[in-house]
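These are the residues of each chain, in order.
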Amino acid sequence: MRIDIISVVPELMQSAFSHSILKRAIAAGLVEVNLINLRDYAIGKQKQVDDYAFGGGAGMVLMIEPIAACINDLKSKRHYDEVIYMSPDGQRLTQKISNQLSLIKSIIILCGHYKGVDERVREHFITREISIGDYVLSGGELPAAVLSDSIIRLLPGVLNDETSALSDSFQDNLLAPPVYTRPSEYKGWAVPEVLLSGHGKKIEQWRHEQSLLRTTQRRPDLLL
Ligand code: SAH
C-alpha cells in the first residue's frame with residue numbers, strides 16, 4: 001500500500017511514522033508513506049499556498065492552485081484509489097471504514113489547515129471526506145496520522161500475531177477483553193485464575209464473555 005499525505009506542515013506527522021509499529025511496517029516495505037509539502041507547489045514569488053476568504057472573516061483558506069498542481073502531479077505518476085480530505089464535516093471514522101481502506105492500494109490524504117481548503121478542491125478532486133470526531137483541530141495532520149495508523153496496523157504482516165488486529169475492539173462490534181501481564185499478583189490484586197490455567201479453550205471462552213460484558217456495560221449501542 002502507498003499513502004501520500006499532502007500538508008502545509010508535514011513535519012507535524014513525522015514522529016507518528018518514525019516509531020514502533022508504523023516504523024517497522026514502513027521498514028519492512030509493507031506500506032510506503034510519503035509526506036508531501038504543499039509549499040513545494042506554491043505559486044508566485046511569494047510562494048503562496050493560502051489566502052483570505054472571499055466575503056471576509058477571520059482565517060486563511062488553502063488555495064486551489066497549489067493543491068490542484070500537487071494532486072495532478074501525483075496522479076500523473078500513478079493511479080490512486082481514493083483522494084481523501086480530512087474534515088470535521090466528513091464521514092465519522094470507524095473501524096469498518098479503516099478495514100475497507102486497508103484493502104486498497106493507493107491513497108492520497110489532503111490535510112486542511114487554518115479555515116480549511118477552497119470548496120472547489122472538495123468538489124473536483126476529493127473522492128471521500130473523513131472526520132476523526134465531532135471536535136475541531138488546528139489542522140488535518142493529526143487526523144491524517146490517526147487514519148493512516150488505523151489502516152496500516154491492519155495490513156497483513158504489520159502486527160506480529162496475525163490474529164492480533166482481529167481481537168482488538170470494534171472488530172465484530174465487540175470491545176476487547178481486559179488484559180494482564182506479570183506479576184500474577186500485585187499487592188493482593190490477583191489476575192483472573194483462568195488466564196493462568198493454560199487451558200486454551202477456557203481462556204478463549206472467558207475472553208469472549210468479558211468482551212460481551214464490557215460491550216454491554218460500556219457500549220450497548222454496538223450490540224444493536
Ligand atoms: N473551518 C472548519 C475547520 C477547519 S480546521 C470547520 O469549521 O469545519 C482546519 C483543518 O483541520 C480542516 O480543514 C481539516 O483538514 C482538519 N480537521 C480539523 N478537525 C478535524 C476533524 N475532527 N477530523 C478531521 N479533520 C479535521
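Rules behind the numbers
- Residues numbered from 1 in each chain as written.
- Predicted model: local features only at pLDDT ≥ 70, side-chain atom pairs only at ≥ 80, totals over all residues.
- Heavy atoms only, no water.
- Near = heavy atom within 4 Å.
- Polar contact = N/O pair within 3.5 Å; in protein donor to acceptor, adjacent residues only side chain to side chain.
- Areas by Shrake-Rupley, 256 points an atom, 1.4 Å probe, with all protein chains shown as cover.
- Helix = DSSP H or I, 4+ residues; strand = E, 2+ residues; numbered from the N terminus.
- Nonpolar A, V, L, I, M, F, W, Y, C, P; charged D, E, K, R; others polar.
- Domains from an automatic or database assignment.
- Core = buried A, V, L, I, M, F, W, Y, C linked by side-chain atoms within 4.5 Å.
- Buried < 20%, exposed > 50% of the residue type's maximum accessible area, 1.4 Å probe, protein only.
- Contact = heavy atoms within 4.5 Å.

J.: What is the right way to look at the site of the ligand in this model?
T.: Around the ligand lies a shell of 20 residues, among which Tyr 85, Met 86, Gly 112, Tyr 135 and Leu 137 are the nearest. Within the side chain of Tyr 85, a nitrogen or oxygen atom sits 2.7 Å from an oxygen atom of the ligand. Between Gly 139 and the ligand, the recorded distance is 3.4 Å, taken from a backbone N or O atom to an oxygen atom. Here the ligand has 560 Å² of accessible area as a free molecule, and 84% of this is covered by the chains. Where the shell around the ligand is concerned, the elements lending two or more residues are strand E5 (82-92) and strand E7 (128-131). No other element matches E5, which puts four residues into the shell around the ligand. Here the residues of the shell around the ligand sort into 10 nonpolar, nine polar and one charged.

J.: Explain the domain arrangement of the protein chain to me, please; I cannot follow it from the model alone.
T.: When the parts of a complex come together, some accessible area is lost, and that lost area is often taken as the interface size. Assigned domains within the protein chain: domain 1 (2-152) and domain 2 (169-223). A separation of 37 Å is found between the C-alpha centroids of domain 1 and domain 2.

J.: How should I be thinking about the nonpolar core in this particular structure?
T.: In summary, soluble globular proteins display a tendency toward joint burial of nonpolar side chains. By size, the foremost hydrophobic cluster in this structure holds 24 residues, and its most contacted members are Ile 5, Val 31, Ile 109, Ile 130, Leu 147 and Ile 152. Looking at this core, the elements with two or more residues in it are strand E1 (2-7), helix H2 (20-27), E5, helix H4 (95-101), strand E6 (106-111) and helix H6 (141-152). Among the elements that make up this core, the one with the highest residue count is H6 (four residues). Those residues in contact with Ile 109 that lie beyond four places of it in its chain are Ile 3, Asp 4, Ile 5, Ile 6, Ile 84, Met 86, Ala 144, Leu 147 and Ser 148. Counting residues in each nonpolar core, the second largest holds 21 residues, with Leu 38, Leu 74, Val 117 and Val 121 among its members.

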